[in-house]
Structures are given as structure tokens and as C-alpha cells.
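Examination of the molecular architecture
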Amino acid sequence: MEEMEEELKCPVCGSFYREPIILPCSHNLCQACARNILVQTPESESPQSRRASGSAVSDYDYLDLDKMSLYSEADSGYGSYGGFASAPTTPCQKSPNGVRVFPPAAPPPPAALAPPPPPRNACLTCPQCHRSLVLDERGLRGFPRNRLLEGVIDRYQQGRAAALRCQLCEKAPKEAAVMCEQCDVFYCDPCRLRCHPPRGPLAKHRLVPPAQGRVSRRLSPRKISTCTDHELENHSMYCVQCKSPVCYQCLEEGKHSSHEVKALGAMWKLHKSQLSQALNGLSDRAKEAKEFLVQLRNMVQQIQENSVEFEACLVAQCDALIDALNRRKAQLLARVNKEHEHKLKVVRDQISHCTVKLRQTTGLMEYCLEVIKENDPSGFLQISDALIRRVHLTEDQWGKGTLTPRMTTDFDLNLDNAPLLQSIHQLDFVQMKVSSPVPAPPILQLEECCTHNNSATLSWKQPPLSTVQVEGYILELDDGNGGQFREVYVGKETMCTVDGLHFNSTYSARVKAFNKTGVSPYSKTLVLQTSEVAWFSFDPSSAHADIIFSNDNLTVTCNSYDDRVVLGKTGFSKGLHYWELSIDRYDNHPDPAFGVARIDVLKDAMLGKDDKAWAMYVDNNRSWFMHNNSHTNRTEGGITKGATVGVLLDLTRRTLTFSINEDQQGPVAFENLEGLFFPAVSLNRNVQVWALTVHWSTTGSLVLLSPQWALVLSSMGTLWSGEGSSAAGMAWKELNLHPKPPVSP
């Protein structure tokens, strides 16, 4: 039964529930405690509106909802929650149930002095799960009463009445034998004989059984004291200046007329609370002193044991450094070999490309020479214009760096071993040096922390009064699914932007400071929500120099006859993504390519020529899929001016599929895709592409329907499609799919 007691206690006051109500999150609160922690918030600042705005949410957001002062209606003066605290930086503590509570604050001003509050909405935050709830016009009456819990508490208290414990036993309190009604204390037999002997003034005290004493403590009326100056009057007020109880007649006679007086009951509870808190602090100091003495006695043996362990640890650390150096050596050699293979591949690819062009050029030259030898003027003039254009075009193709090597023969790698050698020479024991204290936990600056698409920017600072030197900071993020934290930044800067996060995911971030002495505790955890919908355009910073951008980087073309690659600004690593591109201009039947690519894809060749891109290239009659210069799945059906090319990247199934004018083009193009992918296009000067409409689904399975593509919810659902084609406001739109309740048609 004792293990169940925590289930029967209110997380706010720490006592057994009194008139408990059930919150929508299934947690319980005393009705009085719920009334105490109600927060009045403007409608524009309600938790729902803040959550809908997609702003960063952290533990700090709950400070304005959870700040509570220490107060209680119990005789002991102890408690957990009350009114509002005034300082926004007040650190939180733990209530008897392990829930966040806050230190006491100044009492609120009298109602007569307080200005009338503006119209607000009532908001309640569950102290256990921190879910914020906005009350309707019924207020707390809208929450059901938990009468079953009341019955359980009554039965539990009745069964526990026979197991009251002595209040004076220092260790393992024994079962109480009696209760003194005057002292209001439970005693076991040894403590009663030692602390409450039946002689002297104590002989007049009345001792009763524990169960009866518990009932009498709960039901017996308070003893009402009378005024010393007016024996027929009871004390009803308290004079603050005289620090003594007074009656109404004392006030009428004028003795205390100019003094500040307060209600006797309120001052009684206030002083009992102050004395209880003072004794609580003194008891903590005494307990710490005892523990400190035990710690000192154990230090002698620990020093001897630690000496042996430290020697073994030193040997292991030096061996680990040697092993790490050997592993790093192997990694660096592998990197050199990779660079060697990369240089050879680039040069060989250029040789192959140049050989093909040279063969075509030589063939054209020989053909032109033979044509010149002909003596038929009319026949010559029929083909001369076309030959002259082809010659000029071929000559242009040999320009603009075509005859410049794409790779140098030098290995631009230089092993920087000076810092490591310096670190080895400076290797020493930190304990032998005069060290500064460990830094204080950094403070996250919420006003500067934000998210945009799938990136997050965080800013932090040291506490204002901290004088400890800080050498750097370590920023950690989890995996967006509540997993383990991992380091994403180590350095001296106090602001960092993390890119490449998952869309529609919740990340937790924290930061700590370090110096030569050690590492500080973590800051408070900040919760960040990435965007559900991503708007992005073509990326000029990573595109080839020949790419021409317009229409706010939504339209691209090229000033070269060779194929050039341009990427989208946003990469995808999970979820379902679909975007469309419109062919604004299509001359001389070129072969533009559409698909996805890694960030380091070749920018001066057709998309799909290397192993960093997966694409479909298409002319006016047919299309092919290409990856790593391998051409597959020739499919009839091409593009013209005004055609629409769709790209479906399903990273849940790890597939890539294409469509032309909303009809699927060929089978599934590529499978087993994994990693980070960017939308990509390759084109030349004969093609102009514009980001157009996007179709998307919120959840469920994907079904491809002819002649149009449809994203259909599994079971019962609805059909979604993006709308609008305004050049001023259109961009590529993308959604990550997460399970949600289906929508009825």
C-alpha cells in the first residue's frame, strides 16, 4: 500500500488529493491547486497560438505558467505551489512528487491597490506533462470530478491510521503509542519516557491513542485566546508595529489606530511558515555537516586506492593515444588513395570526353573538305549555310575552358602535425597546475533562437555575473526522435546554425562551456520544431557559372551549349517529396535532365554522368534514366514547350519516380536510395525551366493513377494538390509525411 501513496498525492501541493479533477491529459489536480495555478493570458499569447506559429519551444516557455510561491494551508507551513513568482530567472525546484516547483515570491498587492486587469483567457498548465490547456467559459467546472480517486484516498487513510509513526525517533521511526493533545506530537514508548515524562507541568497533558489523536487533531477546534487588556474580547487582529495580537476593542480605544494591523490567522500561518523554513534550512546544514565528516574519514582510504587506479589509468591513456595515432595514420593513407583515384578518374573522363569531341570535329572537317571539292554550285549552296553554322557551333564548343585540364597533377594535401607535436610536448597533469573554476552553465538566448525550413539557429551567452574564463562551447542536438544527444558544434562562437535537419521534427538542443579545468553543466534544454512545409528555390551559390537565374531564382536557363547543373537549396533525407518543373522554352530538341543529386555532383556535365546524381534525361520523343553514365529504360514520350516534369522522391521506400504531364514516365527509375539528396536539373542554352506546382499528401499510401498522378490517403482519405502558379510567389513546396488521423472525403 505504501508504494501507492505517490499516486494519491497532488503534484502541486504534495498532499493527498482534495476534491480532485481530471484534466484532458488524464492527470489529476486538487480543485484548489488548479485554481491557484491558473494563468490569465491574452488570446494572442495563448499556447495554441504560439505552437501554431512554429516558434521555438523550450523549458523557458513554461516559466510564465509554472512560477509558484511556497505556501500551505497545513499546520506545518510546508507546501509546493501558490501564486506567481516575480523573477523570471528564478530557478525551479522539486516538489514532493518530483514535479517542477518554484521558490516563494512576494505576496500580491491588495486587490484595492491593483489596477484592473485587461481581458484575458484562463490558461492551465499540467505540472506533470506541461501540456497547456485553455479553459472555456465554464472554467474549472468544465473538468470532471474524480470521485473514484476520492474513495481510494479515504480507504487508504483509514487503513493507515493504525500505522502512525513516532515523530521524535532519529532513525527508523517506531510505531507511535500515544499522542499528546497539548504538544500535538506522536510518541513511541521510549521517546515518551525520555521526552515527555509524566511529571511536572507535563503531568497535566492529556495522552490519547494515535488514532484518536489523529481524529482530534483534524476535528478539534482551535483554542481561542483572549486579550490581556480586555478579558472578554478574543484576539482577532495582529499589530505589525507592536508585533502582538490585539482585539477590536484595542483598536477602538485608539491605542493601535495608527498602526498597521492584519488578520490574526494570516499572520499566524505566515510566521509558522517562516519558522518552519528557517528550521528546515538549519536542519539541512546539520545534515550536510554529518555527511562531510563521513566523507573526510573515507578520504584516507580512497586516496590510497585512487593512487593505484591512477597509475593504471595513465598507462591505458598513453596506449590509447598510440592506438589513435595508428588509426589516424591508416585513415590519412586511405584519404590519399581516394584522392589518387579521384584525380585519375577525372582525367580519364576528360580524355574520353575530349576524344569523342575530337573525333566528331575531325569527321566534320573531312566532310567539309570533300564538299568544297564539289563543282556543283547549286548543290553546294543548298547545304553550305547549315555546314557553316555547324562549323561555328563546333568551334564554340571547343572554347570556354574545354582545353583546360580539370584536375592538377599536384596533391594539395599537407599534413599539419605541428599542433599534435606541440600537444604531445605540453602533455601534463591538470591537477599539478593552478586551475580556474569550472564555467557556469551557458544561458540560451531565446529571442535569437529560431528555425527556418530544416535548419536551426541557436544563440547563447555566459551568465551576466560570471567571471570564469571560458575557452569554448559544445552544442548538442538529439536525432529529432528523442534519441541520444550528439555534438554538432565545438568552438568559441556563441551562435551556430545547424543545417540538414529533418522536416516536421522536434529537436532538443543544449549547450555547455569548457575550459582547462573541466566542463560546465548543461544549459536548460531548448525544444525546436522544424517546418512542416519547405519553400525553396534554385541555389546560385552551388550552380555552375554558366547558369542564368531569374524570377527570384525560380527560373533558370544557361548561356552555354554544354549541359550545366543547378541544385535546389534544400536537401531531403527522409519522408515523401514531390515537385514539378515547367519547360518555358525548348529549342532545337536538346536533352535536359531532371532528378536528384548529392551536393558535390559534377556541375559541368549532364546530370547522371557521375555517381552523385540520379536523373531522367528527355528529348522531344523519348526519355532515358541515367546514373553513373549508365543509360537504362528507354521510354517513348518526350517534352515540348509548356510540358511539366514531375519528380517523386520517396525516401520511406527509397525510390525515385518521374512523370511527364502528370503521366508516369516508365517504371520506378531508381531504388535503394539513402542519404541526403537535393533537387537537380541539367540544361543548356536551348532550355529554360521554371518551378511550377506541387502535389502533396499529408499521410497514407501513394497510388499512381493514369492519366494523372494522385496522392491518396490509405483507408479513407482525400486528394490534395498544390494550387497557384504566380511567378511572384511560387516556389518548390515539400512535405514530410507523418501519421495523422485520416480526413473524411
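Not measured: the values here are computed from a predicted model.

Parameters at a glance
- Residues numbered from 1 in each chain as written.
- Predicted model: local features only at pLDDT ≥ 70, side-chain atom pairs only at ≥ 80, totals over all residues.
- Heavy atoms only, no water.
- Helix = DSSP H or I, 4+ residues; strand = E, 2+ residues; numbered from the N terminus.
- Buried < 20%, exposed > 50% of the residue type's maximum accessible area, 1.4 Å probe, protein only.
- Contact = heavy atoms within 4.5 Å.
- Areas by Shrake-Rupley, 256 points an atom, 1.4 Å probe, with all protein chains shown as cover.
- pLDDT = per-residue confidence, 0-100.
- Salt bridge = Lys/Arg side-chain N within 4 Å of Asp/Glu carboxyl O.
- Pairing = 2+ DSSP bridges.
- Axes fitted to C-alpha atoms, helices over the stretch in contact; angles between N-to-C directions.
- Core = buried A, V, L, I, M, F, W, Y, C linked by side-chain atoms within 4.5 Å.
- Expected span 1.5 Å × (residues − 1).
- Bend = angle between axes of the 7 residues up to and from the residue.
- Patch = residues over 30% accessible without salt bridge, like charges linked within 9 Å, V, L, I, M, F, W, Y side chains within 5 Å.

What follows concerns the overall build of the chain. From N to C terminus, the chain includes 10 helices and 40 strands. The proportion of buried residues among the 745 residues of the chain is 37%. Of the contacts formed within the chain by residues at least 6 apart in sequence, a portion of 60% connects residues at least 24 apart. As displayed, the chain offers around 44500 Å² of accessible surface, 55% of which is attributable to carbon and sulfur atoms.

Put simply, the chain has an average pLDDT of 77, and 77% of its residues get 70 or more. Scored below 50 in pLDDT, residues 51-106 shows 131 contacts in the model against residues more than four places distant or in partner chains.

In this section: the pattern of salt bridges. With the rule as written, the count across this model stands at 20 salt bridges. In this structure, Lys9 and Glu5 form a salt bridge, with 3.0 Å as the shortest nitrogen-oxygen distance. The pair formed by Lys9 and Glu5 is uniform in burial state, with each residue classed as buried. Through salt bridges with shared partners, a single ionic network connects Lys357, Asp546, Asp562 and Arg564.

With that settled, consider the sheet that holds strand β31 (residues 630-636). The six strands are arranged β26-β36-β28-β29-β30-β31 in an open sheet whose pairing can be described as antiparallel. Looking at strand neighbours, the two that pair on one side only are β26 (564-567) and β31, the edges of this open sheet. Along the sheet, successive strands turn relative to each other by an average axial angle of 20 degrees, direction set aside.

This brings us to the environment of Phe485. Position of Phe485 among the secondary structure elements: in the loop between β18 (472-477) and β19 (486-491). For Phe485, a relative accessible area of 29% translates into the label partly exposed. With 24 residues separating them in the primary sequence, Phe485 and Ala509 have C-alpha atoms 8.1 Å apart. With residues up to four places along the chain from it excluded, the contact list for Phe485 reads Glu476, Leu477, Asp478, Ser508, Ala509 and Arg510.

In this structure, Phe594, Leu649, Leu656 and Val689 are the most contacted members of the largest nonpolar core, which totals 36 residues. Elements with a contribution of two residues or more to this core: β25 (555-558), β27 (576-586), β28 (593-597), β29 (613-618), β32 (644-650), β33 (655-660), β36 (678-683) and β37 (687-691). By residue number, the principal contributor to this core is β27, which donates four residues. Setting aside anything within four residues of it in sequence, one finds Leu656 in contact with Val596, Trp614, Val647, Leu648, Leu649, Val668, Ala669, Phe670 and Leu673. Cys13, Phe16, Cys25 and Phe143 belong to the second largest nonpolar core, which has 26 residues in total.

Take helix α8 (residues 264-373) next. Along its 110 residues, α8 runs just 125 Å from first to last C-alpha, ending more than 12% under the 164 Å computed at 1.5 Å per residue. Of all the bends found along α8, the most pronounced is centred on Met299 and spans about 40 degrees. Every buried residue of α8 is listed here: Met267, Ser273, Ser276, Lys343, Val346, Gln350, Lys357, Thr361, Leu364, Cys368 and Val371.

This brings us to a nonpolar patch on the surface. Among the surface-exposed residues, Phe292, Leu293, Leu296, Met299 and Ile303 lie close enough to one another that they form a single nonpolar patch of about 450 Å² accessible area. With respect to the helices and strands, the residue Met299 is situated in helix α8. When its relative accessible area of 36% is taken as the criterion, Met299 is described as partly exposed.

Attention shifts here to the pairing of β29. In terms of burial, β29 is largely enclosed, as six of its six residues are buried. Taking every second residue as pointing to the same face, both faces of β29 are buried, with Ala613, Ala615 and Tyr617 on one and Trp614, Met616 and Val618 on the other. Two elements, β28 and β29, share five bridges in a ladder whose sense is antiparallel. For Ala597, the partnering residue across the bridge sits in β29 and is Ala613. As paired strands, β29 and strand β30 (residues 622-627) are joined by four bridges and run antiparallel to one another. Bridge pairing links Val618 to Ser623 in β30. What sits between β29 and β30 in their antiparallel hairpin is a turn of three residues.

Attention now goes to the sheet that holds strand β10 (residues 185-187). Taken in spatial order, the three strands of this open sheet run β10-β9-β11, and their pairing is antiparallel. Strands with a single pairing partner mark the edges of an open sheet, and in this sheet they are β10 and β11 (207-208). Pairing analysis gives two bridges linking strand β9 (residues 178-180) to β11, with the strands arranged antiparallel. Along β11, the bridge assignment pairs Met179 with Val208.

This part is about the pairing of β27. Here β27 lies mainly inside the structure; nine of its 11 residues are buried. Of the strand pairs in this sheet, β27 and β32 are connected by seven bridges, and their pairing is antiparallel. Across the sheet, the residue bridging to Glu580 is Gly646, located in β32.

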